[in-house]
Amino acid sequence: MFTSFSDRNKGLVVMRQIDSTTLQLLVDFIYCGKIMVTEKNVQVLLPAANFLLLTEVIEACYDFLQKQLHPTNCLGIHSIFDLHNRTELLTSSELYIQRHFTEVVEGAEFLSLSSEQVVKLISNDKITVPSEEKVFECVIRWVKHELGSRKCILPQLMEHVRLPLTSKNFILKKVAKEPLLNNCPKCKDYIIEALDFHLHKSNKSDQLIAVPHNVRAKPRLSGGLHKVILVVGGFGNKANSSTEWYDPKINRWQFGPKMITRRCRGGLAVVKDNFVFAMGGSPESLYQSVDVLDLSLESPCWKSSVDMLVNREDLGVGVINNYLYAVGGCNETGSLKSAEVFDCSRQEWHMVCNMSTRRDDFGVGVLNNILYAVGGHDFSVSQRLRSVECYNPSIDTWSSVADMRVSRSGVGVGVLDGVLYAAGGHDGFKLLRSVETYRPSTGVWTTIADMHLCRNNAGVVALDGLLYVVGGDIITSIIDSVEFYNPNTNSWTMVTPSMNVARTLAGVVTINRPPYF
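Here the structure is a predicted model, which is why all the values come from computation and not from measurement. (Residues numbered from 1 in each chain as written. Predicted model: local features only at pLDDT ≥ 70, side-chain atom pairs only at ≥ 80, totals over all residues. Heavy atoms only, no water.)

A.B. asks: Sorry, what's going on with a nonpolar patch on the surface here?
C.D. replies: Residues Val27, Ile30 and Tyr31 make up a contiguous nonpolar surface patch of roughly 360 Å² in combined accessible area. With respect to the element layout, Ile30 can be found in helix H1 (residues 20–32). A residue is classified by how much of its surface remains accessible, and Ile30, at 54% relative accessible area, is exposed. (Patch = residues over 30% accessible without salt bridge, like charges linked within 9 Å, V, L, I, M, F, W, Y side chains within 5 Å. Areas by Shrake-Rupley, 256 points an atom, 1.4 Å probe, with all protein chains shown as cover. Salt bridge = Lys/Arg side-chain N within 4 Å of Asp/Glu carboxyl O. Helix = DSSP H or I, 4+ residues; strand = E, 2+ residues; numbered from the N terminus. Buried < 20%, exposed > 50% of the residue type's maximum accessible area, 1.4 Å probe, protein only.)

As structure tokens, then:
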């Protein structure tokens, strides 16, 4: 620096780019090799370290900024990485912004973006949004922040809002009534295009009608058919008539379509990807009843379906080749060993072979087109069960398999990567947080890592290579927390946030996230 730059021959060099406090920190670093990077000083340390070519401090600032990424500051940090042309850090911050788009656009930083930056953000195929409505709302909010200078940019922004993917109800009640769009002919064209899209889609009689083949009708990559967890009913304050769903991509619980009947101790299953069946359970008036949620509808809502043949509470349910099985449970006669199957195409139930053991409050898992009934309780002998049996629909026969290591009623059962899991429950003496697994290839049950919490009557589902255990109870209180198991590390992790409603004895399934949820 003192041999090659333009001021090298001057007796005094003025460094205007650095204030005295920052220079003091950097001189101290030169002598002692230590510096404290903080939220308050990083913005001045980084340019000063760049000016003085202090590579170690530059890297320390970048590391600090990357660890500080948050929806409220990630746009500003991304700009810093962009200014200094740090490609690898740009990539990581872009990924963070995409994944946290919903929270990012709520912050003040978003409102200060240029129109070019907004276009780049909302045109990105990979942003994670619960629905395209959120993109429309953030565009309107950005324009209104500086209305005088920004309203002329609205048509350019609306070109990248995928209005056809919003619900018809949202278009009519929110978009079409937005004054900014009504005063813009080009924006009106986008509204008409979106309504035409819905008209064509709902026209069942002519499947060949063309729909728009532009970017506005193309689902975002993150908003396509990815799985979410749906939790239905259960016991707890306001639980038995409500539903909610968890999307791990945005790490958020949101309420779903309200049930038409209050239901707990029932069964829940998904048929043909789009039909969620809730059946049986309490109160007594629901013992035989079945409700169905059609996820393919624009506004999914629960409707009554065909009643089961047998009254059932605390039953087990499973689906094999799009046939819905209702197994065991209890009613006014005691614990049951009967089983029945629902043919969706014919809309009728018929009885199948009985289990060998009466079971209620047990778990069911389907593995390789075989239905497993795991543990439970038999009122006739007041006994918690270790036994497990499986049903083969091709020969209408139940067969016993190896007993679990522990007796479990209120057990949560799930299937992940060809393995049957039995989690928690009650052994007749104490609540359990232990978990065991069964592989048909070995025919034995194996203990794995314990859950963080004891859980009785929890729901269990597999999603994205992880096993989720949802809610449950510890007898005296109901649990709103969720945890998941990673088979690669044999470890459990708590999910934050918890459910909106604490639930036990609820139905839990995974579904393809409907576009209008």
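A.B. asks: Before we go on, may I ask you to explain unusual backbone geometry in this structure?
C.D. replies: What you tend to see is this: most non-glycine residues have negative phi, and most peptide bonds are trans. In this structure, Pro283 follows Ser282 across a cis peptide bond, with omega equal to 5°. Turning to its location among the elements, Pro283 is positioned in the loop between strand S5 (275–279) and strand S6 (290–294). Residue Pro497 is bonded to the preceding Thr496 through a cis peptide linkage, with omega at 10°. Here Pro497 is to be found in the loop between strand S27 (491–495) and strand S28 (507–512). We note that Leu53 has phi near 55°; this positive angle belongs to a residue other than glycine. As for its placement among the helices and strands, Leu53 is situated in the loop between helix H2 (42–51) and helix H3 (55–67). Leu53 gets classed as exposed once you look at its relative accessible area, which sits at 69%.

A.B. asks: I keep staring at the nonpolar core and nothing clicks. Help me out?
C.D. replies: Within soluble globular proteins, side chains that are nonpolar tend to cluster in buried spots. Judged by nonpolar contacts, the single largest core of 61 residues is most densely connected at Phe110, Met158 and Leu181. No other element matches the seven residues that helix H9 (residues 133–145) contributes to this core. Leaving out residues up to four positions away in the same chain, Met158 has contacts with Phe136, Val139, Leu163, Leu181, Cys187, Tyr190 and Arg216. Leu466, Val482, Phe484 and Val495 belong to the second-largest nonpolar core, a separate cluster that totals 15 residues. (Core = buried A, V, L, I, M, F, W, Y, C linked by side-chain atoms within 4.5 Å. Contact = heavy atoms within 4.5 Å.)

A.B. asks: Please explain the pairing of strand S14 (residues 363–367) as it appears in this structure.
C.D. replies: For a regular strand, side-chain orientation follows a simple rule: the groups alternate between the two sheet faces. Across the five residues of S14, four count as buried, placing the element largely inside the fold. Connecting the antiparallel pair S14 and strand S15 (residues 370–374) is a turn made up of two residues, with Asn368 showing a positive phi of about 55°. (Pairing = 2+ DSSP bridges.)

A.B. asks: I would appreciate a short explanation of the packing of H2 against H3 in the present structure.
C.D. replies: Working note: a packed helix pair is described by the angle between its axes plus the distance between those axes. Closest axis-to-axis distance for the H2/H3 pair is 9 Å, and the angle between their directions is 150°. Classified by the interaxial angle, the pair formed by H2 and H3 is roughly antiparallel. Once H2 is placed against H3, the crossing between them reads as left-handed. Listed contacts from H3 to Val42, Leu45, Leu46, Ala49 and Asn50 of H2 are Val57, Ile58, Cys61, Tyr62, Phe64 and Leu65. (Axes fitted to C-alpha atoms, helices over the stretch in contact; angles between N-to-C directions. Parallel < 35°, antiparallel > 145°, perpendicular 65-115°, else oblique. Left-handed = near helix turned anticlockwise from the far one by under 90°.)

A.B. asks: In this structure, what is going on with the packing of aromatic side chains? I would like to understand it.
C.D. replies: In this description, an aromatic ring pair is defined by two values, namely the gap between the centres and the angle between the planes. Tallying each qualifying case throughout the model produces 13 aromatic pairs. With a centroid separation of 5.9 Å and 65° between ring planes, the pair formed by Tyr62 and Phe81 is classed as edge-to-face. Residue Tyr62 is located in helix H3, and its partner Phe81 is located in helix H4 (residues 74–83); the two are separated by 19 residues in the primary sequence. One aromatic cluster is present, built from ring pairs that chain together Tyr246, Trp253, Tyr468 and Phe484. Lying over the aromatic face of Trp142, Arg150 brings its terminal NZ or CZ to 3.9 Å of the ring centre. (Phe/Tyr/Trp six-rings, centres within 6.5 Å; stacked < 30°, edge-to-face > 60°. Lys NZ or Arg CZ within 6 Å of the ring centre and 35° of its normal.)

A.B. asks: What am I meant to see in the sheet that holds strand S19 (residues 397–401) here?
C.D. replies: Hydrogen bonding along the main chain pairs the strands of a sheet, whether they run parallel or antiparallel. Reading across from one edge, S14-S15-S18-S19 is the order of the four strands in this open sheet, with antiparallel pairing throughout. Each edge of the open sheet is held by one strand with a lone partner, namely S14 and S19. When strand polarity is set aside, the average angle formed by the axes of neighbouring strands in this sheet is 25°. By the bridge criterion, five bridges tie strand S18 (residues 388–392) to S19 in an arrangement that is antiparallel. Bridge pairing in S19 links Cys390 to Ser399.

A.B. asks: Would you mind showing me how to read the environment of Cys187 here?
C.D. replies: Summarising the element assignment, Cys187 is placed in helix H14 (residues 185–202). Note on Cys187: relative accessible area 0%, which makes it buried. Once the C-alpha coordinates of Cys187 and Pro155 are considered, the two residues, 32 residues apart in sequence, prove to be 5.7 Å apart. Those residues within four positions of Cys187 in sequence are excluded, and the remaining contacts are Leu154, Pro155, Met158 and Leu181.

A.B. asks: Looking at this structure, I do not really get the sheet that holds strand S20 (residues 412–416). What am I missing?
C.D. replies: Spatially, the four strands line up as an open sheet ordered S20-S21-S22-S23, and their pairing is antiparallel. Where the open sheet ends on each side, the last strands, each with one partner, are S20 and strand S23 (444–448). On average, each strand axis in the sheet is inclined to that of its neighbour by 25°, with strand direction left out of account. Sheet analysis places S20 next to strand S21 (residues 419–423), joined by five bridges and oriented antiparallel. Across the sheet, the residue bridging to Val415 is Leu420, located in S21.

A.B. asks: Help me out: how do you make sense of the side chain of Glu244 in this one?
C.D. replies: Turning to its location among the elements, Glu244 is positioned in strand S2 (residues 243–247). Residue Glu244 is classed as buried on the basis of its relative accessible area of 0%. A polar side-chain atom of Glu244 sits 3.1 Å from the main-chain amide nitrogen of Val501. Within the local environment of Glu244, its side chain forms a polar contact with the side chain of Arg503, the two groups lying 3.1 Å apart. Setting aside anything within four residues of it in sequence, one finds Glu244 in contact with Ile229, Leu230, Val231, Trp253, Gln254, Phe255, Gly256, Met499, Asn500, Val501 and Arg503. (Polar contact = N/O pair within 3.5 Å; in protein donor to acceptor, adjacent residues only side chain to side chain.)

Remember, this is a structural readout, not a statement about activity or role.
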